[in-house]
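Okay, here's what each chain looks like letter by letter:
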Amino acid sequence: MNPRLGQLAFPKDPNAMFDERPYSDATARAMDEEAKRVIDEAYERTLNLLKERKDEVEKVALLLLEKETITHDDVVKLVGPRPFKADKQYEEYIRVKQQDITDEETDAE
């Protein structure tokens, strides 16, 4: 969905000839321009975020060079908790993983 183009859907037509499309060249150009705009905006947001969080990115990079693989807990120790609420499934996954680690430590004692 896009304010410029509205809601577009072009399901595949099994009877269509090769390179036949159900929209005009102007619509194709508009879709390409909007896709480029979205990608350019995302790229700029990403660059700005990396610049704003340069210290945190460097901490994570250094730990990755040291350990090669890091966990959720490693990241939280380095940069703190997420600044936004995580997805419920991700939160449940982390809760279960942390419980598994606690159980393993208890069993080892």
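The structure presented is a predicted model; accordingly, all values stated were derived computationally and were not measured.

Caption draft 1: Representation of the overall build of the protein chain within the structure. Scanning the protein chain for helices and strands turns up four helices and zero strands. Starting at the N terminus and ending at the C terminus, the protein chain contains elements arranged as α-α-α-α. Its C-alpha atoms give the protein chain a radius of gyration of 23 Å, more than 25% over the compact-globule value 13 Å for 109 residues. Expressed as a percentage of the 109 residues in the protein chain, the buried residues total 8%. If you sum the accessible surface of the protein chain, you get close to 9900 Å²; carbon and sulfur atoms cover 55% of it. Treating the 18 positive side-chain charges of the protein chain as one cloud and the 27 negative ones as another, the clouds have centres 6 Å apart.

Caption draft 2: The arrangement of the packing of helix α1 (residues 25-52) against helix α2 (residues 54-67) in detail. Between α1 and α2, the shortest axis-to-axis distance is 5 Å and the interhelical angle comes to 80°. Viewed along their axes, α1 and α2 adopt a mutual orientation that is roughly perpendicular. Packed against α1, whose contacting residues are L50, K51 and E52, the element α2 presents K54, E56 and V57 at the interface. The residue inventory of the contact of α1 with α2, partitioned by class, reads two nonpolar, no polar and four charged.

Caption draft 3: Focus on the environment of L63. Looking at where L63 falls in the secondary structure, it is placed in helix α2. For the pair L63 and A28, spaced 35 residues apart in sequence, the C-alpha separation works out to 45 Å. When sequence neighbours within four positions are dropped, the list of residues in contact with L63 reads E68, I70, D74 and L78.

Here is what the cut-offs are and how they apply
Residues numbered from 1 in each chain as written. Predicted model: local features only at pLDDT ≥ 70, side-chain atom pairs only at ≥ 80, totals over all residues. Heavy atoms only, no water. Helix = DSSP H or I, 4+ residues; strand = E, 2+ residues; numbered from the N terminus. Rg over C-alpha atoms; globule rule 2.2 N^0.38 Å. Buried < 20%, exposed > 50% of the residue type's maximum accessible area, 1.4 Å probe, protein only. Areas by Shrake-Rupley, 256 points an atom, 1.4 Å probe, with all protein chains shown as cover. Lys, Arg positive; Asp, Glu negative; His and termini not counted. Charge placed at Lys NZ, Arg CZ, Asp CG, Glu CD. Axes fitted to C-alpha atoms, helices over the stretch in contact; angles between N-to-C directions. Parallel < 35°, antiparallel > 145°, perpendicular 65-115°, else oblique. Contact = heavy atoms within 4.5 Å. Nonpolar A, V, L, I, M, F, W, Y, C, P; charged D, E, K, R; others polar.

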